[in-house]
Amino acid sequence: MKPNYSIIIPHKDIPDLLQRCLDSIPVRDDVEVIVVDDNSDPKKVDFEHFPGLERDNTRVIFSKDGGGAGHARNVGLDHARGRWIVFADADDFFTEDFNGLLDETVDAEEDIVFFDYINVLSKKPTQQVTDRNRYKKFISAYLDGDKSESDLRIYFFVPWCKFIKRELIEHHRIRFHEVKWNNDLFFSVQAGCLAKTIAVSGKEAYVVTLREGSLTYDLCATGEELAVRLIESVKTEEWMKKNGYRTTRCLTSSYLWVYYDRNGFWKTLGFCLCSIFNWRVFKTTLVFLAKRIGKREF
């Protein structure tokens, strides 16, 4: 009998936090958990006692490719059998409301069901923060009827806090880009745009943690990271335009603003000049800087 849900968790070098995540998932016959380890360091992980090996309805896949979270999630999708796909990050975890939400969602007709979350410090889960609360605003605005569903479909860039029908993913062959940063942007936007219908639950069934050392903790700290994030954003915008999906916001602007605020005009200009041989990055940054000059914001 195939499970109703497949929960896919990419992991690298944080076994204690992975165990916390697994402990928060109810053990049910209709839920399979797929942990994909992305070539963790043997000095940090005890592979003989790896979290999940002895857990019911859980499969642990050891990938030696070192392809990042996007690759790990793709491996998980290749092995998933559930009707619904749920993604979780290894340093995050679920709340007690998640079990009830599983019962409520199983027969839903929509292609994607979004649900709410709490944002806390990883080392102190009782302390809430507002670091990634913009997605909460999309959920509350939708439930209050203040905005159209396009905010959730397009701008909910992350894969967590969603039940996604596997049929939608497989029919359109949606996969994560296997890059270090922003690997989930194209996947999330594609799934959101291609879903025929969506639904939203106001239940806070997931806990997003702010963890020092994570890829999103020090956003756009380097030019290398900014370049990758810009390229992924441009690719996503090009796909949307080609397929007739409109966006009212520039997907690249938020990353450029973060880098600009962190490093200032002249360093951002230096990044632009260094990227002259990459037309996508150069053009995007040049347009951004031109707007700043026009408004004298430097």
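Heads up: the structure comes first, above all this text.
Residues numbered from 1 in each chain as written. Predicted model: local features only at pLDDT ≥ 70, side-chain atom pairs only at ≥ 80, totals over all residues. Heavy atoms only, no water.

(A) Structural view of the overall build of the protein chain. For the protein chain, the helix and strand inventory stands at 10 helices and eight strands. A compact globule built from 298 residues should have a C-alpha radius of gyration of about 19 Å, and the protein chain, at 20 Å, falls within 12% of that. With the principal axes as the frame, the protein chain shows a C-alpha extent of 60 × 50 × 40 Å. Counting every position in the protein chain, which comprises 298 residues, the buried fraction comes to 54%. Within the protein chain, contacts between residues at least 6 apart in sequence are counted, and of these 76% link residues at least 24 apart. One way to put it: in the protein chain the 43 positive side-chain charges average out to a point 8 Å from where the 46 negative ones average out. (Helix = DSSP H or I, 4+ residues; strand = E, 2+ residues; numbered from the N terminus. Rg over C-alpha atoms; globule rule 2.2 N^0.38 Å. Buried < 20%, exposed > 50% of the residue type's maximum accessible area, 1.4 Å probe, protein only. Contact = heavy atoms within 4.5 Å. Lys, Arg positive; Asp, Glu negative; His and termini not counted. Charge placed at Lys NZ, Arg CZ, Asp CG, Glu CD.)

(B) Summary view of the packing of aromatic side chains. All chains considered together, the criterion is met by 29 aromatic pairs. On the basis of an interplanar angle of 45° and a centroid distance of 5.1 Å, the ring pair of Phe115 and Phe163 is categorised as tilted. With Phe115 in strand S6 (residues 112-121) and Phe163 in strand S7 (residues 162-165), this residue pair connects regions lying 48 residues apart in the sequence. The burial state of Phe115 is the same as that of Phe163; both residues are buried. Centroid distance Phe265 to Trp266: 5.0 Å. Interplanar angle 90°. Geometry classified as edge-to-face. Its relative accessible area of 8% is what places Phe265 among the buried residues. Above the ring of Phe176, the side-chain terminus of Arg73 is found at 5.3 Å from the ring centroid. (Phe/Tyr/Trp six-rings, centres within 6.5 Å; stacked < 30°, edge-to-face > 60°. Lys NZ or Arg CZ within 6 Å of the ring centre and 35° of its normal.)

(C) Representation of the pattern of salt bridges. With the rule as written, the count across this model stands at 14 salt bridges. Put simply, Lys136 and Asp116 hold a salt bridge, and the shortest N to O gap is 3.1 Å. Here Lys136, found in helix H4 (residues 134-144), pairs with Asp116, found in strand S6; they are 20 residues apart in sequence, far enough to count as distant. Comparing Lys136 with Asp116, the two get one shared label, buried. Salt-bridge contacts for Glu204 lead to Lys136; the nearest nitrogen and oxygen are separated by 3.1 Å. Residue Glu204 is located in strand S8 (residues 198-210), and its partner Lys136 is located in helix H4; the two are separated by 68 residues in the primary sequence. For Lys136, a relative accessible area of 18% puts it in the buried group. (Salt bridge = Lys/Arg side-chain N within 4 Å of Asp/Glu carboxyl O.)

(D) Summary view of the nonpolar core. Grouped together as the largest cluster of nonpolar side chains are 74 residues, with contacts concentrated most on Ile7, Ile9, Phe98, Phe163 and Tyr206. Per-element accounting of this core gives the leading share, seven residues, to helix H7 (residues 185-194). In this view, Phe98 contacts Ile7, Pro26, Val86, Phe115, Phe163 and Ala205; residues no more than four positions away in its chain are not counted. If you look at the next biggest cluster of nonpolar residues, it comprises 16 residues, including Ala227, Ile231, Val281 and Phe282. (Core = buried A, V, L, I, M, F, W, Y, C linked by side-chain atoms within 4.5 Å.)

(E) Up close: the sheet that holds strand S2 (residues 31-38). Sheet architecture is open: eight strands sit in the order S3-S2-S1-S4-S7-S6-S8-S5, paired in mixed fashion. The sheet terminates laterally at strand S3 (58-63) and strand S5 (93-94), the two strands that pair on one side only. By the bridge criterion, two bridges tie S5 to S8 in an arrangement that is antiparallel. The partner of Phe93 across the bridge, within S8, is Val207. On the sheet, helix H3 (residues 97-105) packs against strand S1 (5-11), S2, strand S4 (84-87), S5, S6, S7 and S8 and is oriented at approximately 155° with respect to S8. (Pairing = 2+ DSSP bridges. Axes fitted to C-alpha atoms, helices over the stretch in contact; angles between N-to-C directions.)

(F) Inspection of unusual backbone geometry at higher detail. The residue Cys161 is not glycine, and still its phi comes out positive at about 65°. Summarising the element assignment, Cys161 is placed in the loop between helix H5 (150-155) and S7. With a phi close to 50°, Arg173 is a non-glycine residue in the positive phi region. Mapping Arg173 onto the fold places it in the loop between helix H6 (166-171) and H7.

(G) Representation of the environment of Leu286. Residue placement: Leu286 occurs in helix H10 (residues 279-294). Exposure remark for Leu286: the relative accessible area of 41% places this residue in the partly exposed category. Considering only alpha carbons, one finds Leu286 and Ile276, 10 residues apart in sequence, at a separation of 9.7 Å.

(H) Quick look at the side chain of Thr209. Topologically, Thr209 is positioned in strand S8. Of the residues examined, Thr209 reaches a relative accessible area of 8% and is grouped as buried. At 2.8 Å, the side chain of Thr209 forms a polar contact with the backbone oxygen of Asp91. (Polar contact = N/O pair within 3.5 Å; in protein donor to acceptor, adjacent residues only side chain to side chain.)

(I) Local environment of H3. For H3, the set of buried residues is Phe98, Leu101, Leu102 and Thr105. The buried residues of H3 occupy an angular sector of 110° when the element is viewed end-on, so they sit on one face. (Arc of directions from axis to C-beta.)

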